[in-house]
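Tertiary structure, described
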Amino acid sequence: MATQPPSADTNDDTEVEQRNADVCNVVGAVEEMGAKWKLIVLNDLRDGEKRFNELKRSTGASSYTLSRVLNDLEEQGFINNRKEFESPVASYYTLTEKGDALCPVFESLDAWGEDWL
């Protein structure tokens with residue numbers, strides 16, 4: 001005859017949530033930044049304003065992928081898109097304050113990668 005596992009104690013659940021509270025910020029931040037291409041574009045924009053084609057060349061992303069990523073990053077408030085309508089029409093992308101605040105994170109990841117990868 002099979003036995004049922006004991007039910008989880010709510011105090012145990014609360015303790016686990018309290019121990020992992022700081023992890024939630026890490027997970028939330030990673031979810032906000034999301035996919036590899038977002039990180040590549042954000043890191044690339046650390047050098048300053050770039051046009052769409054400059055980003056395409058420097059990241060190696062396809063036009064479709066880059067366009068989708070730039071739209072997502074703009075909606076999330078990580079980048080600004082400045083358009084010039086004079087010939088030739090151009091879009092320029094820069095980091096917002098929110099995006100710029102990630103620069104120390106990229107620097108730390110770069111240093112970690114140098115040591116451990």
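Every value quoted in this text rests on a predicted model; they were computed, and no experiment measured them. (Residues numbered from 1 in each chain as written. Predicted model: local features only at pLDDT ≥ 70, side-chain atom pairs only at ≥ 80, totals over all residues. Heavy atoms only, no water.)

**Observations regarding the overall build of the chain**
As a reminder, the rule being used: Here a helix means four or more residues in a row that DSSP labels H or I, a strand means two or more in a row labelled E, and each is numbered from the N terminus. A simple rule labels every residue: compare its accessible area, found with a 1.4 Å probe on the protein chains alone, to the largest value its type can have, and call it buried under 20%, exposed over 50%, or partly exposed in between. Any two residues whose heavy atoms approach within 4.5 Å at even a single point are treated as in contact.
Within the chain, the secondary structure is distributed over seven helices and three strands. In the chain, the order of α-helices and β-strands from amino to carboxyl end is α-α-α-β-α-α-β-β-α-α. In the chain, buried positions account for 24% of the 117 residues. Within the chain, contacts between residues at least 6 apart in sequence are counted, and of these 47% link residues at least 24 apart.

**Quick word on the packing of aromatic side chains**
Given two aromatic rings, one states the distance between the centres and the angle between the planes to describe the pair. What counts is decided by this rule: In this scheme Phe, Tyr and Trp rings, the latter by its six-membered ring, pair at centre separations within 6.5 Å, and the angle between planes marks the pair as stacked below 30 degrees, edge-to-face above 60, and tilted otherwise. Two conditions define a charge located above a ring, namely a distance within 6 Å from the ring centre to NZ of Lys or CZ of Arg, and an angle within 35 degrees of the ring normal.
In this structure the tally under the stated criterion is zero aromatic pairs. Here the basic side chain of K36 rests over the ring of W37, its NZ or CZ set 5.0 Å away from the ring centre. The side chain of K98 reaches across the aromatic face of F78, ending 4.5 Å from its centre.

**A look at the environment of D44**
Within the secondary structure, D44 is located in helix 3 (residues 36–44). D44 sits 10 residues away from E54 along the chain, and the two C-alpha atoms are 10.0 Å apart.

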